[in-house]
Amino acid sequence: MMNEEALLAELIGMLPSPTYIVISIIFGVIGLYCFQYGRKKPHPHLKWGGLALMFYPYLIGNDTRLLVIVGLALCALLFYWRER
C-alpha cells in the first residue's frame, strides 16, 4: 500500500502544473495564428517561427519560467519578422 502511494506521488510530481499547460496553450494559439498568416502571405519566416512557437513546449521540461522566457523571445522575433 505504501509503495503504491509513493509511486502515485512520484507520478503526480512529474506532471506539468496547470500554469504551464495554460501558458503552453496560449503560445500554441499564437504560433498557430502566425503559421496560418505565414502560409497565406509570402512570409516563410512567420510560418517557421509559428511552428517553432507551437512545438517548443515539448522541448522544455517542467520549468514554467523558461517556458515564458523562450515564448516571449519567439513572439518578439515573430513581431520583428512581421514588420519586415
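A brief report on the enclosed structure follows. It should be emphasised that the depicted structure is a prediction, and the values quoted were computed from it without experimental measurement.

1. Things to note about the overall build of the protein
Moving on, step 1. Looking only at helices and strands, the protein features 4 helices and 0 strands.
Moving on, step 2. Rg of the C-alpha trace for the protein: 17 Å, well past the compact-globule value of 12 Å for 84 residues, more than 25% over.
Moving on, step 3. Along the longest, intermediate and shortest principal axes, the C-alpha atoms of the protein span 60 × 20 × 15 Å.
Moving on, step 4. A buried classification covers 26% of the 84 residues belonging to the protein.
Moving on, step 5. Across the protein, the fraction of contacts at a sequence separation of at least 24, relative to all contacts at a separation of at least 6, is 57%.
Moving on, step 6. Here the protein displays about 6,300 Å² of accessible surface, and carbon together with sulfur accounts for 71% of that area.

2. Comments concerning the packing of aromatic side chains
Moving on, step 1. All told, the structure shown has 3 aromatic pairs when counted by the stated rule.
Moving on, step 2. Where Tyr 33 meets Tyr 37, the ring centres are 6.3 Å apart and the plane angle is 20°; that geometry is what we call stacked. On the criterion of helical spacing, the pair formed by Tyr 33 and Tyr 37 is a turn pair, its members being 4 residues apart in helix 2 (residues 18-40).
Moving on, step 3. Given a relative accessible area of 32%, Tyr 37 falls into the partly exposed group.

3. A closer look at helix 2
Moving on, step 1. For helix 2, which comprises 23 residues, the first-to-last C-alpha distance of 33 Å matches the rise-based estimate of 33 Å (1.5 Å per residue) to within 8%.
Moving on, step 2. For helix 2, the set of buried residues is Tyr 20, Ile 23, Ser 24, Phe 27, Gly 28, Gly 31, Cys 34, Phe 35 and Gly 38.

4. Considerations on the environment of Tyr 80
Moving on, step 1. Position of Tyr 80 among the secondary structure elements: in helix 4 (residues 64-83).
Moving on, step 2. Residue Tyr 80 is classed as partly exposed on the basis of its relative accessible area, which comes to 44%.
Moving on, step 3. Here the alpha-carbon distance between Tyr 80 and Ser 17, two residues 63 residues apart in the chain, equals 31 Å.

Reading guide: rules and limits
Residues numbered from 1 in each chain as written. Predicted model: local features only at pLDDT ≥ 70, side-chain atom pairs only at ≥ 80, totals over all residues. Heavy atoms only, no water. Helix = DSSP H or I, 4+ residues; strand = E, 2+ residues; numbered from the N terminus. Rg over C-alpha atoms; globule rule 2.2 N^0.38 Å. Buried < 20%, exposed > 50% of the residue type's maximum accessible area, 1.4 Å probe, protein only. Contact = heavy atoms within 4.5 Å. Areas by Shrake-Rupley, 256 points an atom, 1.4 Å probe, with all protein chains shown as cover. Phe/Tyr/Trp six-rings, centres within 6.5 Å; stacked < 30°, edge-to-face > 60°. Expected span 1.5 Å × (residues − 1).

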